[in-house]
Amino acid sequence: MQSLRVIDSHTAGEPTRVVLEGGIPLVGDTMSERREDFRLRHDHWRAGIVREPRGSDVLVGALLTPPVNPGSIAGIIFFNNVGYLGMCGHGTIGVIETLKFLGRIEPGPVSFDTPVGTVTAVLQEDGGVSLRNVKSYRHLACLCVEVDGIGTVHGDVAYGGNWFFLVHWPTFEIGIENASELTDVSIRIREALARDGITGEDGAEIDHVELAGPARAEGANSRNFVLCPGSAYDRSPCGTGTSAKLAALFAAEELEEGATYVQESVAGGVFRGSVEAVEGGVIPTIVGRAHITGENTLYFSPEDPLQWGLE
């Protein structure tokens, strides 16, 4: 019988499961090497942690490792039911809330190493988190894609720690009540991108699709629906998706440096974002809050036919 200690949280409705250090020993001098070691030698752990019956399609896992850079307090590898993520904004906010819950950090600045770079954040006195993400940028602008059953879709390809296709037109009525329809539309768009060979930089797969619609919350600029790798959608406004959107808006001269953009999610939560201009893109800052939902020990019995999760 093997076991892992985990802490669960949610950020604006999107769950994060933090796996504490030591449970899955990884090798590698960089976070990218450690993620690859996780993928090649320990992928069964990924499946067992986040897939049913212990998890769900929407759950994002965050494995803590020792840091690789001076000044960072930990490394993080993010994963979900189908694979691994470069970065996860809501997940990083969840990690910070978890470390606060465990008494490992106090309000103030913190840094984490991820496979796509080091990110910094400030834990605020009120529990909010101001997350400074990796460099984000618009890669391709104003693309037209023919999508089966939908027609012509217009959008940008942008990077915010993961690769996104940001749909500008058509717009959608975004809400939980329309989640099935929005999921179907997003999957069709992602399939059309793959069919047409549209990728991120250096052939990177575009595994996230972000739809937009009018905001419902007072003071919000827009409401989004984000399809994550696989077929689950983000309940939060999506930290890397908001970062990609801010980068695209800045590139289109629709967002000024330092101005606040309020992104509402399909479930009604909000992230507040702004950007700092840098060469080749922007550094986004995302402000949000997470809440602890549980502390648990997961057990993995060799007698259990679903020891490593439901396919």
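None of these values were measured; they are calculated from a predicted model.

Trainee: Would you mind going over the overall build of the protein chain in detail, with residue names and values included?
Mentor: Helices and strands together make up the secondary structure of the protein chain, namely five helices and 17 strands. By the compact-globule yardstick of 19 Å for 311 residues, the protein chain fits well, its C-alpha radius of gyration being 19 Å. Principal-axis analysis of the C-alpha atoms gives the protein chain an extent of 55 × 45 × 35 Å. Counting every atom, the protein chain has about 12,800 Å² of accessible surface; 48% of that belongs to carbon and sulfur. Charge separation in the protein chain, taken as the distance between the mean sites of 23 positive and 42 negative side-chain charges, equals 4 Å.

Trainee: Give me the nonpolar core: which residues, what numbers.
Mentor: Core analysis: the largest hydrophobic core is formed by 52 residues, its most contacted members being Phe112, Phe165, Ile189 and Leu211. Membership of the second largest hydrophobic core comes to 17 residues, among which are Ile24, Phe38, Trp45 and Val50.

Trainee: Describe the packing of aromatic side chains, with residues and values.
Mentor: Following the criterion strictly, the structure yields 10 aromatic pairs and no others. With a centroid separation of 5.3 Å and 20° between ring planes, the pair formed by Phe300 and Trp308 is classed as stacked. Relative accessible area serves as the criterion here: at 0%, Phe300 is assigned to the buried category. Above the plane of the ring of Tyr233 lies Arg235, whose end atom (NZ or CZ) is 3.9 Å from the centre.

Trainee: Give a detailed account of unusual backbone geometry, specifying residues and quantitative values.
Mentor: Note that the residue after Glu52, namely Pro53, is joined by a cis bond; omega there is 10°. Inspection of the secondary structure puts Pro53 in the loop between helix 2 (43-50) and strand 3 (60-65). Here the amide bond leading from Trp169 into Pro170 is cis, since omega sits at 0°, within 30 degrees of zero. By the element assignment, Pro170 lies in the loop between strand 11 (163-169) and helix 4 (179-195). Phi at Cys142 is positive, roughly 55°, even though this residue is not glycine. Mapped onto the secondary structure, Cys142 falls in strand 9 (residues 137-147). Non-glycine residue Cys238 carries a positive phi angle of around 75°. Within the fold, Cys238 resides in the loop between strand 13 (222-227) and helix 5 (239-251). The class for Cys238 is buried, based on a relative accessible area of 4%.

Trainee: With reference to specific residues and values, describe the pairing of strand 1 (residues 2-11).
Mentor: Sheet topology places strand 1 next to strand 17 (residues 290-300); 10 bridges connect them, and they run antiparallel. The residue bridging Asp8 from the neighbouring strand is Gly294, located in strand 17. Pairing analysis gives six bridges linking strand 1 to strand 2 (residues 14-19), with the strands arranged antiparallel. Bridge pairing in strand 2 links Asp8 to Arg17.

Trainee: Account for the packing of helix 1 (residues 31-41) against helix 2, with residues named and values stated.
Mentor: The relative placement of two packed helices is expressed as an angle between their axes plus a distance between the axes. Remark: helix 1 packs on helix 2, axes separated minimally by 5 Å, with the N-to-C direction vectors making an angle of 85°. Taken together, the axes of helix 1 and helix 2 lie roughly perpendicular to each other. Two secondary-structure elements touch here, helix 1 through Phe38, Arg39 and Arg41 and helix 2 through Asp43, His44, Trp45 and Arg46. Of the residues belonging to the contact of helix 1 with helix 2, the class tally is two nonpolar, one polar and four charged.

Trainee: Account for the pattern of salt bridges, naming residues and giving values.
Mentor: Under the defined criterion, the tally for this structure stands at 15 salt bridges. With a closest N to O distance of 2.5 Å, Arg41 and Asp37 form a salt bridge. Note that Arg41 and Asp37 are positioned in helix 1 at a spacing of four residues, about one turn of the helix. Given the relative accessible area of 45%, Arg41 is considered partly exposed. Classification of Asp37 by relative accessible area gives buried; the value is 9%. One network of salt bridges, with partners in common, ties together Asp148, Arg195 and Asp196.

Conventions we followed
Residues numbered from 1 in each chain as written. Predicted model: local features only at pLDDT ≥ 70, side-chain atom pairs only at ≥ 80, totals over all residues. Heavy atoms only, no water. Helix = DSSP H or I, 4+ residues; strand = E, 2+ residues; numbered from the N terminus. Rg over C-alpha atoms; globule rule 2.2 N^0.38 Å. Areas by Shrake-Rupley, 256 points an atom, 1.4 Å probe, with all protein chains shown as cover. Lys, Arg positive; Asp, Glu negative; His and termini not counted. Charge placed at Lys NZ, Arg CZ, Asp CG, Glu CD. Core = buried A, V, L, I, M, F, W, Y, C linked by side-chain atoms within 4.5 Å. Buried < 20%, exposed > 50% of the residue type's maximum accessible area, 1.4 Å probe, protein only. Phe/Tyr/Trp six-rings, centres within 6.5 Å; stacked < 30°, edge-to-face > 60°. Lys NZ or Arg CZ within 6 Å of the ring centre and 35° of its normal. Pairing = 2+ DSSP bridges. Axes fitted to C-alpha atoms, helices over the stretch in contact; angles between N-to-C directions. Parallel < 35°, antiparallel > 145°, perpendicular 65-115°, else oblique. Contact = heavy atoms within 4.5 Å. Nonpolar A, V, L, I, M, F, W, Y, C, P; charged D, E, K, R; others polar. Salt bridge = Lys/Arg side-chain N within 4 Å of Asp/Glu carboxyl O.

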